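Chain and residue survey
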Amino acid sequence: MIRLLPLLYGLTLFLLIRLAVDIPSGHNYFAHTWTFIAIEITGVIVGGYLFFYLATKWIAYCNRRQTFPWFEYLMAAFTPGLLAVAVMALSHGFSLLADLRNLIIPLMITVLISFGIYLAMKNHSINKLYTESLLNEQKARTAETELELQLLRNQYHPHFLFNMLNTIYFTVDENNCSAREAIEHLSNLLRMQLYSDDKPCSVSREISVIESYVELSRLRYGDDIEVRVDIDRRFDEDLIFPHLLLPTVENAFKHLGGNVGGNERRVSIELKRNRNVLELQVENTVSARCGNNSGNPGLGLNNLKKRLEFLYPNRYILRNEITPDSYNSYLKIEL
């Protein structure tokens, strides 16, 4: 039915114009040749579809660009009038333009009806946008509620584990420094996860998270790996959104490769401050099999990129590069 609207619009215009012009003058429209009639009716139908197409595009453009109403409606009235003149000139010949009196009634009918149809289309478009806005808002609220419930469900276990780690820490013999140190670093990581929000925090706190993770990894791998850490301490009161630095470090240890006793397994972490720019360079060795297959970045790095795009649009660079024997991650953030 919607596809027939331009056809009905064109034929309605044609009948109204013929009634308004032919009846008062007593003119018999069918006295014209069939070629003339066919050209005029075809022009009216094509003009109807063209008007609906242009009106739809123009409404979408004005909604997107927030065009001034007076300019929008002026063009909405001018366009069908121009189409009407084109159709009449095509069927009657351009000599019609010499007698402007014959254009007044057809133009008035075309402009008034077309403008009314345009207003109806505009109203339908606004209602559709409003409905979509309500649906998107409802979806956002639902997603936010589900996320809050998920966070509440997930928070129970870390809380329990955090409290148990504190209990275990005080039961470990004081001479067992390695065990106590491991528990302390793990507790620090959990504390940062539990008691942090999405508001900016100090870079120093994020550095503390990195250092705890590195120390736990050193305890895990022992002498099997070499870890080099070079951290700039000149961040002072600089702030950064939480959980943006650890994913690249975590990814390096997760995908660490190399041969024990042969090619040394190595992780290199360098964090620098250059004016108001933070730069994190992380490099880790990879096995030959991983080096020949770049694959896709891990879930952690994909999520990191999405968060950076949201939190630091046009203010960050995240670059990952794989070579036959190493994987390099570079992160740059304008603080």
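For the structure given in this document, a descriptive report is provided here. (Residues numbered from 1 in each chain as written. Predicted model: local features only at pLDDT ≥ 70, side-chain atom pairs only at ≥ 80, totals over all residues. Heavy atoms only, no water.)

1. Here we look at the overall build of the protein chain
Within the protein chain, the regular secondary structure consists of nine helices and seven strands. Accessible area for the protein chain stands at about 21,500 Å²; split by element, carbon and sulfur atoms hold 59% of it. (Helix = DSSP H or I, 4+ residues; strand = E, 2+ residues; numbered from the N terminus. Areas by Shrake-Rupley, 256 points an atom, 1.4 Å probe, with all protein chains shown as cover.)

2. A word on helix H6 (residues 203-221)
Residue pairs three or four apart in sequence face the same way in an α-helix, which turns once every 3.6 residues. Here H6 contains 19 residues, and its C-alpha end-to-end distance of 27 Å stays within 8% of the 27 Å for a straight helix at 1.5 Å per residue. Of all the positions in H6, only Val203, Glu206, Ile207, Val209, Ile210, Ser212, Tyr213, Val214, Leu216, Ser217 and Tyr221 are classed as buried. The positive-phi residue at the C-terminal boundary of H6 is glycine 222, with phi of around 65°. (Expected span 1.5 Å × (residues − 1). Buried < 20%, exposed > 50% of the residue type's maximum accessible area, 1.4 Å probe, protein only.)

3. What to know about the pairing of strand S7 (residues 326-334)
Most of S7 is tucked away, with seven of its nine residues classed as buried. As judged from the nine bridges shared by strand S5 (residues 277-285) and S7, these two strands associate in the antiparallel manner. Counted as the bridge partner of leucine 278 is isoleucine 333 from S7. Two strands pair when backbone bridges link them, and strand S6 (residues 316-322) and S7 are joined in this way by seven bridges, in the antiparallel orientation. Bridged to isoleucine 322 within S7 is tyrosine 327. (Pairing = 2+ DSSP bridges.)

Don't take any of this as a statement about function, it's just geometry.
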